[in-house]
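What follows is the residue order along each chain.
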Amino acid sequence: MGCMTERSSTPTLTADTHAVAHRFVDLDGMQIFYREAGPRDAPVLLLPHGYPCSSFQYRRLMPALSDRWRLVAPDYPGFGLSDTPPAEAFGFDAYAGFLDAFCRKLGLDRYALYLHDYGSQIGLRLAIRHPERVAAVIIQNGDIYEDTLGPKYRAIQAFWRDPSASNRAVLEKAVNEEGFRAEFVGEVPEAQAAQIPPDLWKLHWPLMNTPQRRELARQLMEGLKQNLEWFPRYQAFLREHQPPALIVWGPNDGYMPEASARAYLRDLPKAELVLTDGGHWLLETHLEQVVPVIRRFLSAAHSR
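Residues numbered from 1 in each chain as written. Predicted model: local features only at pLDDT ≥ 70, side-chain atom pairs only at ≥ 80, totals over all residues. Heavy atoms only, no water.

Caption draft 1: Expanded view of the side chain of Ser55. By secondary structure assignment, the location of Ser55 is in the loop between strand E3 (44-46) and helix H1 (61-65). A relative accessible area of 0% means that Ser55 is categorised as buried. Within polar-contact distance, the side chain of Ser55 engages the side chain of Arg35 at 2.7 Å. (Helix = DSSP H or I, 4+ residues; strand = E, 2+ residues; numbered from the N terminus. Buried < 20%, exposed > 50% of the residue type's maximum accessible area, 1.4 Å probe, protein only. Polar contact = N/O pair within 3.5 Å; in protein donor to acceptor, adjacent residues only side chain to side chain.)

Take a look at the structure:
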């Protein structure tokens, strides 16, 4: 019987085409961290983050869309892995200016905006500056209607009415690891809370636990009062420009209940509204349900 020679081959494994790249860019002397995924020539989805988080909140969404879109998610100065600015120099308008400068640096002149938490207000300030850049908006648990603010605003509203040391102390007390944990799992059912990784507060709190960053976070909470004066401007932008809009919402949210989602239909009557049984952090608990909705919406918006 003849001998059989077994041929062997060594396969070559190529890099994951959907992988998220992690980069730094120098912006006015600050090192800014950002995540990026997808082809450079694809339509852009800009992902400003919320509080108390960073671009980390988009780590699962980005590879799920990177086959057809370019996704860009920066860490704001003073958050995540970006450098920290002087606290007195940064508020909502300064963060919109940062986003503007960041987009110029990366050559992003047309994009869909993902509007979540603080990112909804910062992103809309950017949109007001450059309405011609906005191809579409995805609105997910971001509030711009004062009459629908949820019960978790009570402590902040008490400070607005009486900026005393005792009311300020309540805000300062929330800027700690347990306060961060409450932001992520405070309102959702136990089964959904189990899907939200403790990394979100266990990793973010050490990054935020410096005197400068704690002060920055507290000042942003205080600055929400002045930000209310911008609410009519945000609404007017949406009403006047009517960008293609998807509203996808988790109503189990002490800051932004279902009424906050429905309020957008006052100014965006043609928007698609999708309600879930989740809360503020849908990309942790409802990613598989949300991604097909976003893909369909972005495809339709891009074809217009």
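Now, onward.
Caption draft 2: Main features of the packing of helix H5 (residues 165-174) against helix H10 (residues 211-228). Running from amino to carboxyl end, H5 crosses H10 at an angle of 125 degrees, the nearest separation of the two axes being 9 Å. Taken together, the axis directions place H5 and H10 in an arrangement best described as oblique. Seen from above, H5 lies across H10 with right-handed handedness. Where H5 abuts H10, its residues Arg168, Leu171 and Glu172 lie against Arg218, Met221 and Glu222. (Axes fitted to C-alpha atoms, helices over the stretch in contact; angles between N-to-C directions. Parallel < 35°, antiparallel > 145°, perpendicular 65-115°, else oblique. Left-handed = near helix turned anticlockwise from the far one by under 90°. Contact = heavy atoms within 4.5 Å.)

Caption draft 3: A look at the environment of Gln57. Structurally, the position occupied by Gln57 is in the loop between E3 and H1. Through-space distance from the C-alpha of Gln57 to that of Pro244 is 24 Å; in sequence the pair is 187 residues apart. Beyond its immediate sequence surroundings of up to four residues, Gln57 is in contact with His49, Gly50, His116, Trp281, Leu283 and Glu284. Of the polar contacts made by the side chain of Gln57, one reaches the side chain of Tyr58; its length is 3.4 Å.

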